[in-house]
Amino acid sequence: MAVAEERPRTGFGFAVDGQDGSARAGSFQTPHGTVQTPAFMPVGTLATVKSLDPDELRAMGVQMILANAYHLSQRPGDELVRELGGLHNFMQWDGPILTDSGGFQVWPRCAR
């Protein structure tokens, strides 16, 4: 088992908590909480995981939600999300959020 590494002062960090061959388990530290890896992250495409509210997600043990930045920029728009207190407030989720760029949706259009 590897020794946990010191967390950087940015609030982000990763430590290997256990290893078996090339498989490993770790702790990903974010300013909004720690995520034990490997982890399942449900997708909240438009800032919501369809049919589940944040309390239900927490009860299921969800540690982090994936949101699509491109979709959010299109609707409702980044200005509205900012006006409503940022993505955490908008989603009513106080835990870690991972956003992807949605680049795979943008670049194919540019290639046409």
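Read on for an overview of the structure. Here the structure is a predicted model, which means the values were calculated and not measured. (Residues numbered from 1 in each chain as written. Predicted model: local features only at pLDDT ≥ 70, side-chain atom pairs only at ≥ 80, totals over all residues. Heavy atoms only, no water.)

**Details of the nonpolar core**
Condition: Residues grouped as a nonpolar core are buried Ala, Val, Leu, Ile, Met, Phe, Trp, Tyr and Cys residues, joined through side-chain atoms within 4.5 Å. Buried means the residue's accessible area, taken with a 1.4 Å probe over protein chains only, is under 20% of the maximum for its type, while exposed means over 50%, and partly exposed covers the values in between. The numbering of helices and of strands both runs from the N terminus, where a helix is a DSSP run of H or I of at least 4 residues and a strand a run of E of at least 2. Should any heavy atoms of two residues lie within 4.5 Å, those residues are considered in contact.
Counting twelve residues, the largest nonpolar core consists of Ala 47, Val 49, Leu 57, Val 62, Ile 65, Ala 67, Leu 72, Val 81, Leu 87, Met 91, Trp 93 and Ile 97. The set of elements that each furnish at least two residues to this core consists of strand S5 (65-68) and helix H4 (87-91). Not counting residues up to four positions away in its chain, the partners in contact with Leu 72 are Thr 45, Leu 46, Ala 47, Ala 67, Gly 77, Asp 78, Leu 87 and Phe 90.

**Some points on the pairing of S5**
Here is the rule: A pair of strands is considered paired only if DSSP assigns at least 2 bridges between the two. With its strands directed away from the observer, a crossover is right-handed exactly when the path from the first strand over the helix to the second travels clockwise.
On S5, burial covers both faces: Ile 65 and Ala 67 on one face and Leu 66 and Asn 68 on the other are all buried. In terms of strand pairing, strand S4 (residues 43-44) meets S5 through two bridges, oriented parallel. Counterpart to Gly 44 in the pairing with S5 is Ala 67. Tracing the backbone out of S4, into helix H1 (residues 54-59) and back to the parallel element S5 gives a crossover that is right-handed.

**Describing the sheet that holds strand S3 (residues 33-37)**
What counts, and what does not: Lines are fitted to the C-alpha atoms to define the axes, a helix being fitted only along its stretch in contact, and any angle between axes, read from their N-to-C directions, falls within 0 to 180 degrees.
A sheet is described by the order of its strands in space; here three strands give the open sequence S1-S2-S3, paired in antiparallel fashion. Across the chains shown, the open sheet's two edge strands, defined by having one partner strand only, are strand S1 (13-20) and S3. Pairwise comparison of adjacent strand axes, ignoring direction, gives a mean angle of 15° for this sheet. Pairing geometry for strand S2 (residues 23-30) and S3, over five bridges, is antiparallel. Across the sheet, Phe 28 pairs through a bridge with Val 35, a residue of S3.

**Examining the sheet that holds S4**
One open sheet accounts for three strands, arranged S4-S5-S6; its pairing is parallel. Each having just a single partner strand, S4 and strand S6 (97-100) make up the two edges of the open sheet.

**Description of unusual backbone geometry**
Comment: phi is negative for the bulk of residues other than glycine, and the bulk of peptide bonds are trans. Residue Pro 38 follows Thr 37 across a cis peptide bond; omega there is 0°. Of note, Pro 38 is situated in the loop between S3 and S4. Note that the residue after Arg 75, namely Pro 76, is joined by a cis bond; omega there is 15°. Mapped onto the elements, Pro 76 comes out in the loop between helix H2 (69-74) and helix H3 (78-83).

As far as function goes, none of this settles anything; it's purely spatial.
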